[in-house]
Every structure is written in structure tokens, then in C-alpha cells.
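Notes for the structure review
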Amino acid sequence: GENVEQHPSTLSVQEGDSAVIKCTYSDSASNYFPWYKQELGKRPQLIIDIRSNVGEKKDQRIAVTLNKTAKHFSLHITETQPEDSAVYFCAATYNNNDMRFGAGTRLTVKP
Amino acid sequence: EAGVTQFPSHSVIEKGQTVTLRCDPISGHDNLYWYRRVMGKEIKFLLHFVKESKQDESGMPNNRFLAERTGGTYSTLKVQPAELEDSGVYFCASSLFGQGARETQYFGPGTRLLVL
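Worth saying up front: this structure is predicted, and the values here are computed from it rather than measured. (Residues numbered from 1 in each chain as written. Chains lettered and ligands numbered in written order. Predicted model: local features only at pLDDT ≥ 70, side-chain atom pairs only at ≥ 80, totals over all residues. Heavy atoms only, no water.)

Before going further, it helps to examine the overall build of chain A. When its secondary structure is counted, chain A shows 0 helices and 11 strands. Along chain A, from the amino end to the carboxyl end, the secondary structure elements read β-β-β-β-β-β-β-β-β-β-β. Projected onto the principal axes, the alpha-carbon positions of chain A cover approximately 40 × 25 × 20 Å. Here chain A, with 111 residues, has 45% of them falling under the buried criterion. Contacts in chain A between residues far apart in sequence, at least 24 positions, make up 53% of those at least 6 positions apart. When the accessible surface of chain A is split by element, carbon and sulfur atoms take 45% of a total near 5400 Å². Within chain A, one finds 13 positive and 13 negative side-chain charges whose respective centroids are separated by 3 Å. (Helix = DSSP H or I, 4+ residues; strand = E, 2+ residues; numbered from the N terminus. Buried < 20%, exposed > 50% of the residue type's maximum accessible area, 1.4 Å probe, protein only. Contact = heavy atoms within 4.5 Å. Areas by Shrake-Rupley, 256 points an atom, 1.4 Å probe, with all protein chains shown as cover. Lys, Arg positive; Asp, Glu negative; His and termini not counted. Charge placed at Lys NZ, Arg CZ, Asp CG, Glu CD.)

The structure is reproduced here in C-alpha cells:
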């Protein structure tokens, strides 16, 4: 089945620095890669996604890159702020009908 | 528009007891997913409904877990009898049918299950 590996499991950065989270997947047919943010005590929410026909997508301070050949994709957060502190999950489609998630990265932004 | 809701928010039961979790998806969403997260691990896929039909239940751990979605609206996930390893947060998510898994999934707040 699909295996999504996510690294690092924890990440601590200083406010204003950049944060990068990386994921790899195994299903070569995967074609949609969303990223979810889960703040403490809240539900996971979609923050950005990328489809397999593009290599990069940006939304203000957040960007995602996709390398289909290498089967990896990354989340980049620039100018981090304390409110970016949360657990971030990457995911990839599997069998075109389902989603498989990574284990999550706990990001802490220190003021 | 109301989001995905789940009930109960928390459940503490003893090993061997039965628990039923409920999920109400966003109205009009044909896709309904159940996931489980154990502390520090991935959001693990359990199963996927399209309307009332089980599209994929390959993630269900064993036959102690039974999911239903009668009428294609809300869904229940019953664990009977519960074991210690069933503890975790159970999430439900829903999405439009449209492009299958490429549709945005909206998560519920989760049910935190603790089996003692």
C-alpha cells in the first residue's frame, strides 16, 4: 500500500526564520498532495495543496514543491510567526480514491 | 454552513466494552472517511464510504470494528469489544464526490477514545 514518510517529526525555529518539512511517497500514481495544519485542540485543516501537473505552488508565506520523479514534496513556511506553531501533516492520494497521511511534524516557533 | 461534526468528543471505557462513534459529514458530501491517530503516529486510514457503500475498508484493523452509513448521511463506527490498543483519536472527514480523493477533505474535531 501507499507509504508516506514525513520528516522531521519535530522542528523548532526562531520567529522570522524559515521552516521546511519534507515528505516522500511510494505510489507512483499519486496525483494530489495536500498539507494539513492541526493546532492544539483543533481539527486538521487544509492549508495548501498541489496537484501532479505543477512543480510548485505558493500562497503568501507558504509554498509547496513537488518532485514526481523523486516522489517527494515539501512544505516551506517563510517568516514564521508564533501562530504557525502546530502539527503539520502531509498526505498523498492512493488508488485515486483514498488518502494516506504522514506521521506529522510538530512545529514550534519561538518568539 | 456547519462543518463535520463528531460525537462524542471524548470517551473513556474499559477493555471489553462497546463504544459507538458518530460522524455527521457536511451536507452534500458523498465521500466520508474514518481515520485514527495514535499519539505521535500518522493519521491512519480506516475506511472510505461513497454514499452508503464502502469503497475501501482495507484500513480496518480487525472484525471488532464495524462502520455503517445507512442512507448515505451520517456514519457510525462501532468498536466491540474494545481493546487497549484501540485508544487514540478517531477522525472523520468528508468531501464532495467530484474528483475522488483529489477533493478537499474536511475533518471533524475527532473523538478521543481511551480504553482502560
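Another point: the interface of chain A and chain B. Taken together, the 20 residues of chain A in the interface contact 25 residues of chain B. Taken as a group, A:Arg43, A:Asn97 and A:Phe101 account for 30% of the area that chain A buries against chain B, more than any other trio of residues on that side. In this assembly, chain A and chain B are joined by 0 salt bridges. Connecting chain A to chain B are 5 residue pairs in polar contact (both at pLDDT 80 or more). Listing elements by their share of the side of chain A that touches chain B, those giving two or more residues are strand 4 (32-38), strand 5 (45-51), strand 9 (86-94) and strand 10 (98-101) of chain A. The leading source of residues in the side of chain A that touches chain B is strand 10 of chain A, at 4 residues. (Buried area = accessible area lost by both parts, 1.4 Å probe. Salt bridge = Lys/Arg side-chain N within 4 Å of Asp/Glu carboxyl O. Polar contact = N/O pair within 3.5 Å; in protein donor to acceptor, adjacent residues only side chain to side chain.)

We now examine the sheet that holds strand 1 (residues 4-7) of chain A. Residues and elements named next belong to chain A. On the basis of which strands lie adjacent, the open sheet formed by 5 strands has the order 1-3-8-7-6 and antiparallel pairing. The open sheet has two free edges, formed respectively by strand 1 and strand 6 (56-59), since each of these has just one partner strand. Direction aside, the axes of adjacent strands within the sheet are offset by 15° on average. Two strands pair when backbone bridges link them, and strand 1 and strand 3 (residues 19-25) are joined in this way by 4 bridges, in the antiparallel orientation. (Pairing = 2+ DSSP bridges. Axes fitted to C-alpha atoms, helices over the stretch in contact; angles between N-to-C directions.)

Considering all chains together, one arrives at 7 salt bridges over all chains under this definition. A salt bridge links A:Lys57 to A:Asp49, with the shortest nitrogen-to-oxygen separation between them at 2.8 Å. Judged by its relative accessible area of 12%, A:Asp49 falls in the buried class. In this structure, B:Asp24 and B:Arg22 form a salt bridge, with 2.7 Å as the shortest nitrogen-oxygen distance.

So, about the state of the cysteines. By the definition in use, this model includes 2 disulfides over all chains. The disulfide that involves A:Cys23 links it to A:Cys90, with 1.9 Å between the sulfurs. Negative torsions about the S-S bond denote left-handed disulfides, and the value of about -100° found for A:Cys23 with A:Cys90 makes this one left-handed. Residue A:Cys23 is located in strand 3, and its partner A:Cys90 is located in strand 9; the two are separated by 67 residues in the primary sequence. The pair formed by A:Cys23 and A:Cys90 is uniform in burial state, with each residue classed as buried. Each disulfide pairs two cysteine sulfurs, and for B:Cys23 the partner residue is B:Cys92, the sulfurs being separated by 1.8 Å. On the sign convention where negative is left-handed, the bridge of B:Cys23 and B:Cys92, at about -60° about the S-S bond, is left-handed. Of this pair, B:Cys23 sits in strand 3 (residues 19-24) while B:Cys92 sits in strand 9 (residues 88-95); the two residues are 69 residues apart in sequence, bridging distant segments of the chain. B:Cys92 carries the same exposure label as B:Cys23, and that label is buried. (Disulfide = S-S within 2.5 Å.)

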